[in-house]
Amino acid sequence: MVSKVVGSPEIAVADIRDGATIMVGGFGMAGMPTALVDALIGQRARDLTIVSNNAGNGETGVAALLKAGRVRKIICSFPRQADSYVFDALYRAGKIELEVVPQGTLAERIRAAGAGIGAFFTPTAYGTMLAAGKEVREINGRHYVLEYPIHADVALIKAREGDRWGNLVYRKTGRNFGPVMAMAAACTVAQVDRVVEVGALDPESIVTPGILVHRVVAA
Amino acid sequence: MNRWTRDQMAARVARDIPEGAYVNLGIGLPTLVANHLPPDREIFLQSENGLLGMGPAPAPGEEDPDLINAGKQPVTLLPGGAFFDHADSFAMIRGGHIDICVLGAFQVSVAGDLANWHTGDPDTIPAVGGAMDLAVGARRVFVMMEHLTKKGEPKIVERCTYPLTGVRCVHRIYTDLAVLEVGPSGLELIDVVDGLSIEELARCTAPIASGSSTPGR
């Protein structure tokens, strides 16, 4: 019997190694897998690269991970927020590396990794400093910038319900990066509000099919 | 000098949004446009964090932390609304499916270059969000901003001095003094606040196209 359900967030993240690249779902706190991030803080892995839309809010989720000194680099679209003081202080002290990526390019680079795409051309950021040094091509009279996929060792995402095969449904705008990050990581861990029986989720409504999910943990 | 208020600016933008339009409203001043959409028109608001059919702010106590807009403020979903993931959301934006996007700006050039994400100050922490995607992806990009900086300098310029968000991407500019279309031969005056002459407007704006006629009002 296949079961991807694990007993606790701590077990779910126990094998994450130093230097790992970790995607963390969420847009602000909506869809942030806080229990998984807290469990990651509790284990020893450091020197991490985090891929997430923001650089944390207050002192919870990604911000707490940053505060614990575990993160070497963050790849995100919008680090600076009213309550991003943990990131701001680390950045100004030169203690964290930042790669700013336009939000759509971030989503598409993650999606490309998950879909086996080697690279893609996008018009976003053409002519701006975020395209500096990147290959540019004119296609049918429009200028495009070459962007490469972002792969991860682990994706930590949050969903509303999951079954033991890893099928997931999300809740409202908490869905955000979950489905694409699930595709792009070697190991996808889903924190769910509740685990349901196989067959309980409407197959017409499953957003992330279980093939893309490796561990499910209720928290 | 007579000026339109922020709400009058928002109402002026809203007047130009037709029935059936799919619209993304940027953070800040553009969010006010939602309050002025004519109730007799069905207009679909998209928020890039993954919803279409965005409704107004919830009543106090009704906020849902999983139902937020791009500014991370609590919102509601109207009947017929939908949720989707970030790749789908930005495919809508980058794939040319959004009819109108309304963005704030630091500067816009006469050619329609947009600068709205970074002041160029090296001490600023860079944060771009979806601005560059919206700038190149929406079919029509409206900019909504004050006509002058707090120091009284024009924000509509020959060339942007702030770092660009997008090249030749702005179609129309709504300020507290005027509405200007970015035309193939330069800026065209669409509307101007009561009591302001074109000469006065021109003094605080990069050149307006010479062929521009007095707006019919």
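Computed from a predicted model, the values in this text were never measured in an experiment. (Residues numbered from 1 in each chain as written. Chains lettered and ligands numbered in written order. Predicted model: local features only at pLDDT ≥ 70, side-chain atom pairs only at ≥ 80, totals over all residues.)

**Q** Just checking my understanding: could you explain the overall build of chain B for this structure?
**A** Looking only at helices and strands, chain B has four helices and 12 strands in total. Against the 2.2 N^0.38 benchmark of 17 Å for 217 residues, chain B shows a C-alpha radius of gyration of 17 Å, consistent with a compact globule. Summarising its shape, the C-alpha atoms of chain B cover approximately 50 × 45 × 30 Å along the three principal directions. Counting across all 217 residues of chain B, residues that qualify as buried make up 44%. (Helix = DSSP H or I, 4+ residues; strand = E, 2+ residues; numbered from the N terminus. Rg over C-alpha atoms; globule rule 2.2 N^0.38 Å. Buried ≥ 20, exposed ≤ 12 C-beta atoms within 10 Å, placed from the backbone.)

**Q** I would appreciate a short explanation of the overall build of chain A in the present structure.
**A** When helices and strands are counted, chain A shows six helices and 11 strands. Over its C-alpha trace chain A gives a radius of gyration of 17 Å, about what one expects of a compact globule, namely 17 Å for 219 residues. Projecting the C-alpha coordinates of chain A onto the three principal axes gives extents of approximately 50 × 45 × 30 Å. Within chain A, the proportion of its 219 residues that are buried is 53%. The long-range share in chain A, meaning contacts at least 24 apart out of those at least 6 apart in sequence, stands at 76%. (Contact = placed C-beta atoms within 7 Å.)

**Q** What is the right way to look at helix H1 (residues 6-15) of chain B in this model?
**A** Structural remark: α-helix, 3.6 residues per turn; residues separated by three or four positions point the same way. Residue and element names in this part refer to chain B. Those residues of H1 not exposed but buried are Met9, Ala10, Arg12 and Val13. Take H1 and look down its axis: the buried residues cluster within an arc of 160°, on one side only. Turning to H1, the residues buried within the fold contact strand S5 (100-103), strand S8 (140-144), strand S10 (172-174) and strand S11 (178-183). (Arc of directions from axis to C-beta.)

**Q** Where do I start with the interface of chain A and chain B in this structure?
**A** Put simply, an interface is often sized by how much accessible area is lost when its parts join up. Every contact between the two is made by 36 residues of chain A and, on the other side, 30 residues of chain B. Contributing elements (two or more residues each) for the side of chain A that touches chain B: helix H4 (85-92), helix H5 (103-115) and helix H6 (178-184) of chain A. Looking at which element gives the most residues to the side of chain A that touches chain B, the answer is H5 of chain A, with five residues. Of the residues belonging to the side of chain A that touches chain B, the class tally is 17 nonpolar, 12 polar and seven charged. (Nonpolar A, V, L, I, M, F, W, Y, C, P; charged D, E, K, R; others polar.)

**Q** Please explain the sheet that holds strand S5 (residues 120-122) of chain A as it appears in this structure.
**A** Sheet strands pair via backbone hydrogen bonds, and the direction of the pair is either parallel or antiparallel. Residues and elements named next belong to chain A. Read across the open sheet, the three strands follow the order S5-S7-S6; overall the sheet is antiparallel. Each edge of the sheet is formed by a strand with only one pairing partner; in this case those strands are S5 and strand S6 (136-139). Pairwise comparison of adjacent strand axes, ignoring direction, gives a mean angle of 40° for this sheet. Across four bridges, S6 lies against strand S7 (residues 142-147) in antiparallel orientation. If you follow Arg137 over to S7, its bridge partner there is Tyr144. The sheet strands contacting H5 are S5 and S7, and the helix crosses S5 at an angle near 165°. (Pairing = 2+ DSSP bridges. Axes fitted to C-alpha atoms, helices over the stretch in contact; angles between N-to-C directions.)

**Q** Would you mind going over the packing of H5 of chain A against helix H2 (residues 86-94) of chain B with me for this structure?
**A** Working note: a packed helix pair is described by the angle between its axes plus the distance between those axes. For the pair H5 of chain A and H2 of chain B, the least separation of the axes is 9 Å and the interaxial angle reads 125°. Classified by the angle between their axes, H5 of chain A and H2 of chain B sit oblique to one another. Relative to H2 of chain B, the crossing made by H5 of chain A is left-handed. Residues Gln103, Gly104, Ala107, Glu108 and Arg111 of chain A of H5 of chain A form the contact with H2 of chain B, whose own contacting residues are His86, Ala87, Phe90, Ile93 and Arg94 of chain B. Partitioned by chemical class, the residues of the contact of H5 of chain A with H2 of chain B number four nonpolar, three polar and three charged. (Parallel < 35°, antiparallel > 145°, perpendicular 65-115°, else oblique. Left-handed = near helix turned anticlockwise from the far one by under 90°.)

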